[in-house]
Amino acid sequence: MAAVEIDPATLNPATVTTMVEVRLGIDDLDRRIVTLLGDRMRYIEAAARIKPSRKTVRDEWRKQDVITKAAVQAEKVDFPPELVRNIYEVLVEGSIAHEFTKFDARVGEKSEDATEN
Ligand SMILES: C=C(O[C@@H]1C=C(C(=O)O)C=C[C@H]1O)C(=O)O
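For the protein, the name recorded in an unreviewed UniProt entry is Chorismate mutase, with Morchella conica CCBAS932 as its organism.

Structure follows, in structure tokens:
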């Protein structure tokens, strides 16, 4: 017998009745969330290209601003704000580490150019 195809766009967590539907809905959302995280990381890479100096890569004020905004949004969509704060702590720290890697590669490239010429 052919497998029944369920379009995740038709699923609603308020009305699903089976664990198959629950997991299809979660898998679909996770794909979308991770795709958005990839889009977010492209902006981190842009920051690594734009920032003028290594000391501007980590901006503590902006980190707190980002986490506060995420917690405010979490409250609006009935998601636990403390959980979002924890997730964003890890996300922003990982983003800063990625930005340092990209920044150092860029600055390294520049100094390699300088020694070549
Ligand atoms: C992208 C930036 O660089 C870092 C990454 C941040 C982020 O992931 O949102 C926030 C602060 C910065 O330390 C920035 O300064 O805005």
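A. Representation of the overall build of the protein within the structure. Across its full length, the protein carries 3 helices and 0 strands. In sequence order, the secondary structure elements of the protein are arranged as α-α-α. Based on the C-alpha atoms only, the size of the protein along its principal axes is roughly 70 × 40 × 15 Å. Split into buried and exposed, the 117 residues of the protein put 21% on the buried side. The long-range share in the protein, meaning contacts at least 24 apart out of those at least 6 apart in sequence, stands at 61%. Summed over all atoms, the accessible surface of the protein reaches about 9,100 Å², with 60% contributed by carbon and sulfur. Each charge sign in the protein was given a centre, from 18 positive and 22 negative side chains, and these centres are 6 Å apart.

B. How the structure looks around the site of the ligand. Around the ligand sit 14 residues, and of these Arg40, Lys51, Val57, Asp59 and Glu99 come closest. The side chain of Lys51 places a nitrogen or oxygen atom 2.8 Å from an oxygen atom of the ligand. Here an oxygen atom of the ligand and a side-chain polar atom of Glu99 are 2.7 Å apart. Coverage of the ligand by the protein amounts to 87% of the 370 Å² it exposes when considered alone. Put simply, the ligand lies in the largest pocket. Looking at the shell around the ligand, the elements that each hand over two or more residues are helix H1 (19-50), helix H2 (60-76) and helix H3 (81-116). The dominant element in the shell around the ligand, judged by the number of residues it contributes, is H3, at 4 residues. Each residue belonging to the shell around the ligand can be placed in one class, and the counts come to 6 nonpolar, 1 polar and 7 charged.

C. Molecular detail of H1. For H1, built from 32 residues, the straight-helix expectation of 46 Å at 1.5 Å per residue is met to within 8% by its first-to-last C-alpha distance of 46 Å. Taken together, the buried positions of H1 are Glu21, Gly25, Asp28, Ile44, Ala46, Ala47 and Ala48.

D. Representation of the UniProt feature "domain: Chorismate mutase" (unreviewed entry) in the protein. Listed under "domain: Chorismate mutase" (unreviewed entry) in the UniProt record, and renumbered for this structure, are residues 13-103. In the segment residues 13-103, helix accounts for 79% and strand for 0%; the C-alpha atoms at its two ends are 42 Å apart.

Thresholds applied
Residues numbered from 1 in each chain as written. Predicted model: local features only at pLDDT ≥ 70, side-chain atom pairs only at ≥ 80, totals over all residues. Heavy atoms only, no water. Helix = DSSP H or I, 4+ residues; strand = E, 2+ residues; numbered from the N terminus. Buried < 20%, exposed > 50% of the residue type's maximum accessible area, 1.4 Å probe, protein only. Contact = heavy atoms within 4.5 Å. Areas by Shrake-Rupley, 256 points an atom, 1.4 Å probe, with all protein chains shown as cover. Lys, Arg positive; Asp, Glu negative; His and termini not counted. Charge placed at Lys NZ, Arg CZ, Asp CG, Glu CD. Near = heavy atom within 4 Å. Polar contact = N/O pair within 3.5 Å; in protein donor to acceptor, adjacent residues only side chain to side chain. 1 Å grid on protein atoms, 1.4 Å probe; cavity = no way out; pocket = protein on both sides within 12 Å on 5 of 7 lines; lining within 4 Å. Sits in = over half its atoms within 2 Å of the grid points. Nonpolar A, V, L, I, M, F, W, Y, C, P; charged D, E, K, R; others polar. Expected span 1.5 Å × (residues − 1). UniProt positions renumbered as here; feature names shortened; annotations may be inferred.

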